[in-house]
Amino acid sequence: MRILTDSTADFSLEEAKKLNIDVIPLSVIIDGKEFKDRVDLQPSEFFEKLAECEDLPSTSQPSPKDYFDYIKKAKQNNEPLIMILLSSQISGTYQSACMAKELAEYEDVYVIDSLNTTVGLRLL
């Protein structure tokens, strides 16, 4: 079984690896430049850029294709995939994952709307 969450769960790469959790990054847009959370931009760098940016940063959800790639891998390995994601009340992240599941035609995928953010999502 695979578990996938998004970068808002705030797992470090080391923690995620130790727990065998895949983490899909959200995008962070700072002054028009896009970064993948915890891939191209680490938390300490975010705060440095925040102090220097002209406009407040924004985020963007992973695309259905981003999720589709994880589902495809699980399907090829015949593994169940559980996705526990950022609350649908504040992001389209959950909706993107649901669209990907529908496109992938793989029944052993479970998309869970955590209805939470960082700490609550992490606990789940």
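Residues numbered from 1 in each chain as written. Predicted model: local features only at pLDDT ≥ 70, side-chain atom pairs only at ≥ 80, totals over all residues. Heavy atoms only, no water.

Enquirer: In this structure, what is going on with the environment of Ala-9? I would like to understand it.
Expert: Within the secondary structure layout, Ala-9 lies in the loop between strand 1 (2–6) and helix 1 (13–19). A residue is classified by how much of its surface remains accessible, and Ala-9, at 0% relative accessible area, is buried. Residues Ala-9 and Ile-24, 15 residues apart in the sequence, show an inter-C-alpha distance of 10 Å. (Helix = DSSP H or I, 4+ residues; strand = E, 2+ residues; numbered from the N terminus. Buried < 20%, exposed > 50% of the residue type's maximum accessible area, 1.4 Å probe, protein only.)

Enquirer: How do you make sense of helix 3 (residues 64–76) when you look at a structure like this?
Expert: For an α-helix, the turn length of 3.6 residues means that residues three or four places apart are oriented alike. Under the 1.5 Å per step criterion, the end-to-end length of helix 3 is 18 Å for 13 residues, consistent within 8% with the ideal 18 Å. Every buried residue of helix 3 is listed here: Tyr-67, Ile-71 and Ala-74. Along the long axis of helix 3, the arc covered by the buried residues comes to 55°, so they all point the same way. For helix 3, the exposed residues lying more than 90 degrees away from the buried face are Lys-65, Lys-73 and Gln-76. For helix 3, the secondary structure elements touched by its buried residues are strand 1, strand 2 (21–24), strand 6 (81–85), helix 4 (93–104) and strand 7 (109–113). (Expected span 1.5 Å × (residues − 1). Arc of directions from axis to C-beta. Contact = heavy atoms within 4.5 Å.)

Enquirer: It is not clear to me how the sheet that holds strand 6 should be interpreted in this structure. Could you clarify?
Expert: Sheet strands line up and pair through hydrogen bonds in the backbone, either parallel or antiparallel. With respect to topology, 4 strands assemble into an open sheet ordered 2-1-6-7, the strand pairing being parallel. At either end of the open sheet lies a strand with only one pairing partner, and these are strand 2 and strand 7. Adjacent strand axes in the sheet meet at a mean angle of 20°, parallel and antiparallel pairs treated alike. Strand direction decides the pairing type here: strand 6 and strand 7, joined by 5 bridges, are parallel. Residue pairing for strand 7: Leu-81 is matched across the bridge by Val-109. In this fold helix 3 packs onto strand 1, strand 2, strand 6 and strand 7, with an angle of close to 155° to the strand it touches most, strand 6. Taken strand by strand, helix 4 contacts strand 1, strand 6 and strand 7, and its axis lies near 165° from that of strand 7. (Pairing = 2+ DSSP bridges. Axes fitted to C-alpha atoms, helices over the stretch in contact; angles between N-to-C directions.)

Enquirer: What am I meant to see in the environment of Gln-61 here?
Expert: Mapped onto the elements, Gln-61 comes out in the loop between strand 5 (58–60) and helix 3. C-alpha separation for the pair Gln-61 and Thr-118, spaced 57 residues apart in sequence, amounts to 15 Å. Ignoring anything within four residues of it in the chain, the contact list for Gln-61 reads Leu-26, Ser-91, Gly-92, Thr-93 and Ser-96. Among the polar contacts made by the side chain of Gln-61, one reaches the main-chain amide nitrogen of Gly-92 at a distance of 3.1 Å. Of the polar contacts made by the side chain of Gln-61, one reaches the side chain of Ser-96; its length is 3.2 Å. (Polar contact = N/O pair within 3.5 Å; in protein donor to acceptor, adjacent residues only side chain to side chain.)

Enquirer: Which parts of the structure should I look at to understand the side chain of Thr-8?
Expert: For Thr-8, the location among the structural elements is in the loop between strand 1 and helix 1. Thr-8 sits in the buried class, given a relative accessible area of 18%. At 2.3 Å, the side chain of Thr-8 forms a polar contact with the side chain of Asp-6.

Enquirer: How do you make sense of the packing of aromatic side chains when you look at a structure like this?
Expert: Here the distance between the centres and the angle between the planes together describe a pair of aromatic rings. If you walk through the whole model with that rule in mind, you get 1 aromatic pair. The interplanar angle of 75° and the centroid separation of 5.2 Å between the aromatic rings of Phe-46 and Phe-47 together place this pair among those described as edge-to-face. (Phe/Tyr/Trp six-rings, centres within 6.5 Å; stacked < 30°, edge-to-face > 60°.)

Enquirer: Before we go on, may I ask you to explain the sheet that holds strand 5 in this structure?
Expert: Across the sheet, which stays open at both edges, the 3 strands sit in the order 4-3-5 with antiparallel pairing between neighbours. Two strands close off the open sheet at either side, each with one partner strand: strand 4 (33–36) and strand 5. When strand polarity is set aside, the average angle formed by the axes of neighbouring strands in this sheet is 30°. Strand direction decides the pairing type here: strand 3 (residues 27–30) and strand 4, joined by 4 bridges, are antiparallel. Note on strand 4: the bridge partner recorded for Val-28 is Phe-35.

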